[in-house]
Amino acid sequence: MLELAIGIILGCCALGAGLAMIAGIGPGIGEGNAVAKACEAIGRQPECKGQVTTTMLMGCAVAETTGLYALVIAILLLFVAPGRLVDILINTIG
C-alpha cells in the first residue's frame with residue numbers, strides 16, 4: 001500500500017512539472033509578437049529605433065520571467081517535492 005502511495009506522489013509531481021512547463025509557451029508567443037510589432041514600428045519610423053528597441057527589450061525581459069517562474073516550479077516539483085511528500089507520508093503512517 002505504501003508503494004502505491006509513493007508511486008502516486010511521484011506520478012503527480014511529474015505531471016505537475018509537465019503542466020508547469022506549458023507556461024513556457026506564453027512567453028515565446030508574447031515575445032515573438034512584441035518583436036514583430038517593434039519591427040513594424042521601426043519600419044514606419046526609423047528615427048525612433050532606439051526608443052522602440054529599448055521598450056521592446058524591457059517588455060521581453062518582463063515576459064520572460066513567467067517562463068522562468070514556471071521552470072523553477074517544475075524543477076522544485078521534480079527534485080524537492082517528492083522527497084518532502086514521501087517523508088510526510090511516512091511520518092503520518094508510522
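In what follows, the structure referred to is the one given above.
Residues numbered from 1 in each chain as written. Predicted model: local features only at pLDDT ≥ 70, side-chain atom pairs only at ≥ 80, totals over all residues. Heavy atoms only, no water.

S.K.: Teacher, can you tell me more about the overall build of the protein here?
M.R.: Looking only at helices and strands, one finds four helices and zero strands in the protein. In the protein, the succession of α and β elements from N to C terminus is α-α-α-α. Taking 94 residues into account, the globule formula puts the C-alpha radius of gyration at 12 Å, and the protein, at 21 Å, lies well above it. C-alpha extents for the protein along the principal axes are approximately 70 × 15 × 15 Å. Expressed as a percentage of the 94 residues in the protein, the buried residues total 18%. (Helix = DSSP H or I, 4+ residues; strand = E, 2+ residues; numbered from the N terminus. Rg over C-alpha atoms; globule rule 2.2 N^0.38 Å. Buried < 20%, exposed > 50% of the residue type's maximum accessible area, 1.4 Å probe, protein only.)

S.K.: Can you help me understand the nonpolar core in this one?
M.R.: A general trend in soluble globular proteins is that nonpolar side chains are found buried together. With five residues, the main nonpolar core is built from Ile-9, Cys-13, Ala-81, Val-86 and Leu-89. Elements represented by at least two residues in this core include exactly α1 (2-21) and α4 (81-93). With three residues, α4 is the largest single contributor of residues to this core. Beyond its immediate chain neighbours, meaning those up to four positions away, Leu-89 contacts Leu-2, Ala-5, Ile-6 and Ile-9. (Core = buried A, V, L, I, M, F, W, Y, C linked by side-chain atoms within 4.5 Å. Contact = heavy atoms within 4.5 Å.)

S.K.: How should I be thinking about α1 in this particular structure?
M.R.: A turn of α-helix holds 3.6 residues, and therefore any two residues three or four places apart point the same way. Taking 1.5 Å as the rise per residue, α1 with 20 residues should run 28 Å; its terminal C-alpha atoms sit 29 Å apart, in good agreement. The inward-facing, buried residues of α1 contact α3 (49-79) and α4. (Expected span 1.5 Å × (residues − 1).)

S.K.: Explain α4 to me, please; I cannot follow it from the model alone.
M.R.: When the terminal C-alpha atoms of α4 are compared, their 18 Å separation across 13 residues agrees well with the 18 Å that a helix rising 1.5 Å per residue should span. Where α4 is buried, its residues meet α1 and α3.

S.K.: Sorry, what's going on with the packing of α1 against α3 here?
M.R.: If you want to describe how two helices pack, look at the angle between their axes and the distance between the axes. Contact pair α1 / α3: the axes reach a minimum separation of 8 Å and the direction vectors enclose 170 degrees. If you check the angle between α1 and α3, you find them roughly antiparallel. Judged by residue contacts, Cys-13, Ala-14, Gly-16, Ala-17, Ala-20 and Met-21 of α1 engage Ala-70, Leu-71, Ile-73, Ala-74, Leu-77 and Leu-78 from α3. Partitioning the contact of α1 with α3 into residue classes produces eleven nonpolar, one polar and no charged. (Axes fitted to C-alpha atoms, helices over the stretch in contact; angles between N-to-C directions. Parallel < 35°, antiparallel > 145°, perpendicular 65-115°, else oblique. Nonpolar A, V, L, I, M, F, W, Y, C, P; charged D, E, K, R; others polar.)

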